[in-house]
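# Per-entry structural report
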Amino acid sequence: MAKTIDLEKCAPSTSSTSSSVHIPTDAGHSVPFIPASLTVSNLQYEITVKDKANDSQKSSIFKKTPNVQRALLSNITTKATPGRVLAIMGPSGSGKTTLLDLLADRQARNVGKLQGEILLNDVPIKEYGSIRKRLVGYVTQEDDFIETLTVLETLTFAAKMRLPRSMSNKDKLARVDAVMQELNLTHIKDTKVGGAVIRGISGGEKRRVTIGIELLSSPSVLLLDEPTSGLSSTDALNVANAIKELAHRGRTVILTVHQPRSDIYELFDDLLLLSQGKVVYFGQAQTAAAYFEGLGHECPVGWNVADYFLDLITLHQEKTESTEEGTTNREDFAQKYASYITTNPDAYLTQVLKQHQNNTEKIERDALLSEFKKQYTTQYAATSLTQTLLLTQRSLTNLARHPTIFQASAVIHIIFALVIGSLFSGLKDRPEMGATSFNKSIALFFITSFLATMTFSAMPQFIIERSLFLRERAAGMYRTSSYFMAKTIVETLSYTILSVIFVVITYYLIGLHGSLIYYFVSVAVFVNVALSLIAAIGAGAENAEVGMNLLSLINTMAMLFSGFIVSRTDIPRGWIWAFWASYYQWAFSGLLGNEFSDGSDKGTATLAYFGMDHIEWLTKWRAVLILLGYYIFFRIIGLLLLLAKKA
C-alpha cells in the first residue's frame, strides 16, 4: 500500500522565494538588473504531423496520409522565482528543450499552435516587446565561437554588440571585467577560445564563456539548455556551481538536464519532471523522492535520485507505447500528479502561484524596467554600421590568425601557380591543331578550373560560421544584412588578394601577352563569383556534405559547358542555354578575347576554333560586367536564404 507523506513538512518555507531577494544593479555598468519570476500557465503546444496509420487501414498507396495534431506539451503549469534554480528533467522526447525554446521565444514561427500564458513578473511576456530577449537570456547547448579569438575578445565583441549605445566603451569593458570575475574567467582572459584546429580553453570554461555572453546584458531570467552535457565530471560540477552562484545573486535560473550526478542534483532548488510533454512532478528538488515514495516508489539506498526518477518514468512510458489498446499495464504519473495538485491545497505549485509582488517590489521593479527601456530604445543595441564594422573586424582577425583559412590557401595558390606556370611555359602548340594557340588556351581553361575548385574549401568554414551566426542572430545581437555585408567584404578582399598573387606568377611564367590589368580584374571577379555561389549554397544547405554535393554538380555542369571541352558551335541546340548560363564560359571567353583579339592570324584562328569570332557584341569587358551580375545575383540569393534560415 502506498504511503502518504506530507511533503510540506519536509520542505522549507517558500514565502521568501521572491520577497527576500534584494533588487540589485550589476556592478561595472549602468544597465539595471530586474529580478523577475517566470510563470507558465496551462501551456499547450501542438504541431501538425502525418497520421501514423496502420498499413491495413490504407486502401491505396496513392491515398494521401491525413494530418493530425500532436501535442508536444500538455497543460504545463509551473513557476520559477528569483534566487532559485529550477531544473527541468525528463526522458528524451519529453519536451524539455521545446519548453525552453518557447520560454525564450526561439520556436520557429508557424510551426505549432501555442495556447496558455507565459508571464514575466505577472505580465504576459509578449507585452515587453523587443526587450524581452534582453530580459530573458538563453544559453544553448552548443558552444559556437571564433576559435582564434581570446576569451576577452569574445566577450568584448558581444558587449559592444549587446550593451546600450548610450554606454561608453570604458563602461562596456568594465562590464566585461565584472562578468569574467563573476564566472571565474579572469585568469584565462588572454587565452584563445580554441576549437577543432587551435587548442584553447577547456569545455567547462567554454560553457562559462557562453553563459557570460548572455550575462553581459544582465538578463532577469537565464535559460540554459543542457549546460553540463558533454563535459567532464569536474567541468560539469564547476559549471553547475557557477550557475548556482548566479541564482544566489538574485537571478531566476531555469535549466534542462538529462541525468545529473548526485552532487549536481543537490544544487537544484526546484524540479520539474516531464514525461511525453506532461508534468509528472513539480516541487522542491529535495522533496521529490518523498513524493514518489508516497506513490509506492521508494528510491533504493545508494541510488542517485535523478537516475531513479528517469528510470521510473521511462519504464512506464515504454509500457504506454508497447501495451495494446484497452489494457492498463502502466502507471500514469501525470494523472496522479494532477490529482495530487487538485486534492492538496498545500502543494508547492499552489503556494508559489499565490505569491505575487507586493506594492514596494512592484514600484521598484517598474522603475527599473522603465530605466531598462530607456537604455534599449531600439531593437538592436548597435547601429547597422557598427554591427558591420565589428563583424568585419572579427572576421579579419580570424582570417589573419587562423592557420588554415588564409595562410594555407595562400601557400597552395603560390605552389600551384608555380606548377601551372612552369608546366605551360615550355609547351609548344600542337601541329595538328593548325594555326591555333591551343597551348595557351589549355592554360587559361586550367587556370579558371583550378581557381574555381580552390574556392570549394570555403564551404565547410561557411557552414561552421553559419551555426554561430544563427545563434547570435537568435539572441538579437545583430541584423542578417550586417553579417552578410561583413562576410562579403572580407571574402571579396581575401580572395581578390589570392587571385592577384596567382595572376602575377602565372602571367609571366606562361608568357601571356594580353592586358595584365584585365587578367587581374577578370580572374578576381570570376573567383568571387564562384565564392558567391558557395555562399548561396552554404546559406541554404542543411550541412557541408549536402552543400559540397550540390556545388560539385553545378560546378561540373558549368565547366562542361564552358566552351573549351565542347566549343560553342558544336554544342547541340537543346543544350545551348547551358552554355550561356555557365559562369565558366564568361570567364573563359573574356580571357580568350584578352589574349587573342590582337588581330594576328594565330589569335583569329584560336577564337574561330572556340566559336568566339562571330559574337561581335561580346567584348572582354562586357564579359566582366556579366560576371559582376552573377556575383551580385548569387550574393542576393545567399542573403535571402540566410534571412529565411531558422535557428
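Everything in this summary refers to the structure shown in the same document. What you see is a predicted model, and the numbers here were worked out from it, not measured in a lab.

## Digging into the side chain of serine 499
Mapped onto the fold, serine 499 is located in helix H18 (residues 480-510). Discounting chain neighbours no more than four positions away, the residues touching serine 499 are Val523, Ala524 and Val527.

## Observations regarding the pairing of strand S9 (residues 270-275)
By the criterion of burial, S9 is predominantly enclosed, with 6 of the 6 residues buried. Both faces of S9 are covered, namely the face carrying Asp270, Leu272 and Leu274 and the face carrying Leu271, Leu273 and Ser275. Both strand S3 (residues 85-89) and S9 contribute to a ladder of 4 bridges, which runs parallel. Counterpart to methionine 89 in the pairing with S9 is leucine 273.

## Quick notes on helix H11 (residues 333-343)
By the burial criterion, the buried members of H11 are Phe333, Ala334, Tyr337 and Tyr340. For H11, the angular spread of buried residues about the axis comes to 120 degrees, placing them on one side. Opposite its buried face, H11 presents the exposed residues Thr342 and Thr343, each directed more than 90 degrees away. With a side-chain oxygen positioned 3.2 Å from the backbone nitrogen of alanine 334, the residue opening H11 is aspartate 332.

## Some words on the sheet that holds strand S4 (residues 112-120)
With antiparallel pairing, 4 strands are arranged side by side in an open sheet as S2-S1-S4-S5. Edge strands, defined here as strands with exactly one partner in the open sheet, are strand S2 (67-80) and strand S5 (123-124). Pairing of S4 with S5, which is carried by 2 bridges, proceeds in the antiparallel orientation. By the bridge assignment, leucine 119 is partnered in S5 with proline 124. Lying on the sheet, helix H2 (residues 96-103) is in contact with strand S1 (38-50), S2 and S4; it crosses S1 at an angle near 115 degrees.

## Observations regarding the pattern of salt bridges
Under the definition given, this model contains 15 salt bridges. One salt bridge in this structure joins aspartate 143 and arginine 207, with 2.8 Å as the shortest N-O distance. Note that aspartate 143 is positioned in the loop between strand S6 (136-139) and helix H4 (151-162) and arginine 207 in helix H6 (residues 203-215), a separation of 64 residues in sequence. By relative accessible area, which is 6% here, arginine 207 ends up buried. Among the salt bridges present, the one from lysine 645 reaches glutamate 542, with a minimum N-O distance of 3.6 Å. Taken as a pair, lysine 645 in the segment after helix H24 (620-644) and glutamate 542 in the loop between helix H19 (516-540) and helix H20 (544-560) lie far apart in primary sequence, 103 residues in all. For lysine 645, a relative accessible area of 13% translates into the label buried. According to the relative accessible area criterion, glutamate 542 is exposed, its value standing at 61%. Three or more residues joined by partner-sharing salt bridges are found here, namely Glu182, Glu245, Arg249 and Arg251.

## Things to note about the nonpolar core
Counting residues in each nonpolar core, the largest one holds 117 residues, and the members touching the most others are Ile211, Ile254 and Leu271. Per element, the largest residue contribution to this core is 7 residues, and it comes from helix H7 (residues 233-248). In this view, isoleucine 211 contacts Val139, Leu183, Leu222, Leu224, Val239, Ile243 and Leu246; residues no more than four positions away in its chain are not counted. Within the second largest apolar cluster, 58 residues are counted, among which are Phe424, Tyr519, Val523 and Ile534.

## Some points on H24
Between its first and last C-alpha, H24 extends 37 Å over 25 residues, near the 36 Å set by a 1.5 Å rise per residue. Of all the residues in H24, the buried ones are Ala623, Val624, Leu627, Tyr630, Tyr631, Phe634, Arg635, Gly638 and Leu642. Packed against the buried residues of H24 are helix H17 (458-474), H18, H19, helix H21 (576-581) and helix H22 (583-596).

## A closer look at the packing of aromatic side chains
Under the counting rule described, the total for this entry stands at 34 aromatic pairs. With a centroid separation of 5.9 Å and an interplanar angle of 55 degrees, the aromatic rings of tyrosine 630 and phenylalanine 634 are classed as tilted. With tyrosine 630 and phenylalanine 634 both in helix H24 and 4 residues apart, the pair spans about one turn of that helix. Judged by relative accessible area, phenylalanine 634 falls into the buried class, the value being 12%. Cluster of aromatic residues (ring-pair linked, three or more members): Tyr265, Phe268, Tyr281, Tyr291, Phe292, Trp303, Tyr308, Phe309, Phe333, Tyr337 and Tyr340. Over the aromatic face of tyrosine 518 sits the side chain of lysine 620, whose NZ or CZ is 5.2 Å from the ring centroid.

## With respect to the packing of H4 against helix H5 (residues 169-182)
Contact geometry for H4 and H5: axes closest at 9 Å, N-to-C directions at 130 degrees. Taken together, the axis directions place H4 and H5 in an arrangement best described as oblique. As for the relative orientation of H4 and H5, their crossing is right-handed in sense. Contact residues: H4 offers Val151, Leu152, Leu155, Thr156, Ala159 and Lys160, while H5 offers Asn169, Lys172, Leu173, Val176 and Met180.

## Here we look at the environment of isoleucine 131
As for its position among the elements, isoleucine 131 is in the loop between S5 and helix H3 (132-135). Distance in space between the C-alpha atoms of isoleucine 131 and tyrosine 376 is 7.2 Å, their sequence separation being 245 residues. Dropping the residues within four chain positions of it, isoleucine 131 is found in contact with Leu369, Phe372, Lys373 and Tyr376.

## Thoughts on the sheet that holds strand S8 (residues 252-256)
Paired through backbone hydrogen bonds, the strands of a sheet run either parallel or antiparallel to each other. Pairing is mixed in the open sheet, where 6 strands are placed in the order S6-S7-S8-S3-S9-S10. Where the open sheet ends on each side, the last strands, each with one partner, are S6 and strand S10 (278-284). When strand polarity is set aside, the average angle formed by the axes of neighbouring strands in this sheet is 15 degrees. As judged from the 4 bridges shared by S3 and S8, these two strands associate in the parallel manner. Considered in S8, the bridge of valine 85 is made with valine 253.

## Topic: the environment of serine 449
When you line up the elements, serine 449 lands in helix H16 (residues 438-454). A C-alpha to C-alpha distance of 10.0 Å links serine 449 and alanine 558, two positions 109 residues apart in sequence. Not counting chain neighbours up to four residues away, the residues in contact with serine 449 comprise Met559 and Tyr584.

## Here we look at the pairing of S8
For S8, a buried count of 5 out of 5 residues is recorded, marking the element as mostly surrounded by other parts of the structure. Taking every second residue as pointing to the same face, both faces of S8 are buried, with Thr252, Ile254 and Thr256 on one and Val253 and Leu255 on the other. Across 5 bridges, the pairing between strand S7 (residues 221-225) and S8 is parallel. The residue bridging leucine 222 from the neighbouring strand is valine 253, located in S8.

Criteria and thresholds
- Residues numbered from 1 in each chain as written.
- Predicted model: local features only at pLDDT ≥ 70, side-chain atom pairs only at ≥ 80, totals over all residues.
- Heavy atoms only, no water.
- Helix = DSSP H or I, 4+ residues; strand = E, 2+ residues; numbered from the N terminus.
- Contact = heavy atoms within 4.5 Å.
- Buried < 20%, exposed > 50% of the residue type's maximum accessible area, 1.4 Å probe, protein only.
- Pairing = 2+ DSSP bridges.
- Arc of directions from axis to C-beta.
- Polar contact = N/O pair within 3.5 Å; in protein donor to acceptor, adjacent residues only side chain to side chain.
- Axes fitted to C-alpha atoms, helices over the stretch in contact; angles between N-to-C directions.
- Salt bridge = Lys/Arg side-chain N within 4 Å of Asp/Glu carboxyl O.
- Core = buried A, V, L, I, M, F, W, Y, C linked by side-chain atoms within 4.5 Å.
- Expected span 1.5 Å × (residues − 1).
- Phe/Tyr/Trp six-rings, centres within 6.5 Å; stacked < 30°, edge-to-face > 60°.
- Lys NZ or Arg CZ within 6 Å of the ring centre and 35° of its normal.
- Parallel < 35°, antiparallel > 145°, perpendicular 65-115°, else oblique.
- Left-handed = near helix turned anticlockwise from the far one by under 90°.

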